Amino acid sequence: MSQANPNPQTAPSGERAPGPDPVIRCTNIAKIFDGRTVLDDINLEIYPGETMVIMGGSGSGKSTSLRLMIGSMRPDRGSIEMFGRDICALNESQLNDVRKQFGILFQSGALFNSMTIAENVALPLQEHTRLDQDIIDIQVKIKLELVGLREHADLLPSQISGGMKKRAGLARALALDPKVLFYDEPSAGLDPVTSAQIDQLMLALTKQLGVTSVVVTHEMDSAFTIADRMAMLDKGRILKVETRQWYERLRDMPLEQVRGLPEDEQLIRQFLRGDADGPITARRDQSAFTDDLFGA
Ligand SMILES: Nc1ncnc2c1ncn2[C@@H]1O[C@H](COP(=O)(O)OP(=O)(O)O)[C@@H](O)[C@H]1O
Ligand SMILES: [Mg+2]
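Our subject in this report is the structure included herewith. The structure displayed is predicted, hence computed values, not measured ones.

1. Quick word on the pattern of salt bridges
Any two side chains of opposite charge can pair, on the condition that their charged atoms come close.
Here is step 1 of the chain: Inspection of the entire model under this criterion finds 15 salt bridges.
Here is step 2 of the chain: Of the charged contacts, one joins arginine 99 and glutamate 92 as a salt bridge, the two residues approaching to 3.4 Å between their closest N and O atoms.
Here is step 3 of the chain: A relative accessible area of 47% means that glutamate 92 is categorised as partly exposed.

2. A closer look at the packing of aromatic side chains
Here is step 1 of the chain: As enumerated under the stated definition, the model contains two aromatic pairs in all.
Here is step 2 of the chain: With a centroid separation of 5.0 Å and 70° between ring planes, the pair formed by phenylalanine 102 and phenylalanine 182 is classed as edge-to-face. Taken as a pair, phenylalanine 102 in strand E6 (residues 102-105) and phenylalanine 182 in strand E7 (residues 180-184) lie far apart in primary sequence, 80 residues in all. Each member of the pair, phenylalanine 102 as well as phenylalanine 182, is classed as buried.
Here is step 3 of the chain: Taking the centre distance of 5.1 Å and the plane angle of 80° together, the rings of tryptophan 246 and tyrosine 247 count as edge-to-face.
Here is step 4 of the chain: Judged by relative accessible area, tryptophan 246 falls into the buried class, the value being 1%.

3. So, the side chain of lysine 240
Here is step 1 of the chain: Along the polypeptide, lysine 240 turns up in strand E10 (residues 237-243).
Here is step 2 of the chain: Within the structure, the side chain of lysine 240 is placed 3.3 Å from the side chain of glutamate 265, a separation counted as a polar contact.

4. A word on the nonpolar core
Here is step 1 of the chain: If you look at the biggest cluster of nonpolar residues, it comprises 51 residues, and the most contacted ones within it are Met55, Leu144 and Tyr247.
Here is step 2 of the chain: The element best represented in this core is helix H3 (residues 117-128), accounting for five residues.
Here is step 3 of the chain: When near neighbours in sequence (up to four residues on either side) are disregarded, tyrosine 247 contacts Met55, Phe224, Met230, Ala231, Met232, Lys240, Val241, Glu242, Ile268 and Leu272.
Here is step 4 of the chain: Of all hydrophobic cores here, the second largest spans 28 residues; its members include Ile24, Ile42, Leu44 and Leu66.

Cut-offs and rules
- Chains are numbered independently. Their residues run from 1 in the order of the written sequence.
- Whichever chain is written first becomes A and whichever ligand is written first becomes 1, with later ones labelled in order.
- Thresholds applied to this predicted model are a pLDDT of at least 70 for local features of residues and 80 or more for the giving and counting of side-chain atom pairs; totals over whole chains, interfaces and linings are not thresholded and use all residues.
- Hydrogens and waters are ignored; side-chain quantities use all the structure's heavy atoms.
- The salt bridge definition used is simple: a Lys or Arg side-chain nitrogen within 4 Å of an Asp or Glu carboxyl oxygen.
- Type-normalised accessible area, obtained with a 1.4 Å probe on protein chains alone, sets the label of each residue: buried when under 20%, exposed when over 50%, and partly exposed for intermediate values.
- Stacked, edge-to-face and tilted are the three classes for Phe, Tyr and Trp ring pairs, Trp counted by its six-membered ring, which pair at centre distances within 6.5 Å; planes under 30 degrees apart are stacked, over 60 edge-to-face, the rest tilted.
- The numbering of helices and of strands both runs from the N terminus, where a helix is a DSSP run of H or I of at least 4 residues and a strand a run of E of at least 2.
- Polar contact is defined as a pair of N or O atoms within 3.5 Å, subject to the rule that within protein one atom must be able to donate a hydrogen and the other to accept it, and that residues adjacent in sequence are counted only when both atoms are side-chain atoms.
- We call a set of buried residues a nonpolar core when its members are Ala, Val, Leu, Ile, Met, Phe, Trp, Tyr or Cys and they connect through side-chain atoms within 4.5 Å of each other.
- Here, two residues are considered to be in contact whenever any of their heavy atoms come within 4.5 Å of each other.

Dropping the structure here:
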């Protein structure tokens, strides 16, 4: 057993023991934009009730992978199963049925500014259900209570703070009692304290509601707080899918053990720690040098 393996108990592939079927299964996905491959050979399974954090640098393909999972884009290769159904084979109305089981909190998931917080949260219920308004009102109150915004129901988005807007977006994402929640950079633009509060809220909701969550982030404090498992994306490829504990051990591994690690793990370690030196910077310097030499 190699001493360099941060988690000798776990297979390097991060395989799990036989258990429940995955909620989401991505198999050999590739996505190509204008002839450029931005995601390649993505394999990822997400299990009921877990929080999977997809992390990676800017432009590594995190948001694209989320868009593929929610069916707002189709992959150029590979398949995506959601609750056992191949979502790429569904037409728009079938896809909408699947989407009712999702809650989505996107980076730009802006609220409608002309509507109160309560009206924003009510919107998915009005659009996708036939519930009477008085039932919708109760549902909205429950969701606002969950995120701690019940007293602010009648305010407009312009009247509340950034953290409260995220909470409101979360209440709206929860409106239809989703089985899966997708988050794209949930703490983007928030100060560290507010960001930590959103992390705690996400944790509490996951526990309380038993939802499966897929969270894209490049903020490591947040990732280590909320993740059960983590997937590291680098230039459109998944380098590793592992437990949070595995990533913690890699992050905290003493420097003298690091040199024995595979290049990928050294790269992940640099990312997790935010170190200035390491394979990520060496690669950047190298490609700048090559561009210089060959005039790219
Ligand atoms: N609709 C699109 N058309 C063309 N290129 C895109 C599109 N969306 C994303 N890209 C490119 O794909 C790469 C990955 O983007 P993205 O998934 O947004 O990365 P991340 O979320 O990790 O920052 C980037 O180089 C980006 O410019
Ligand atoms: Mg993004």
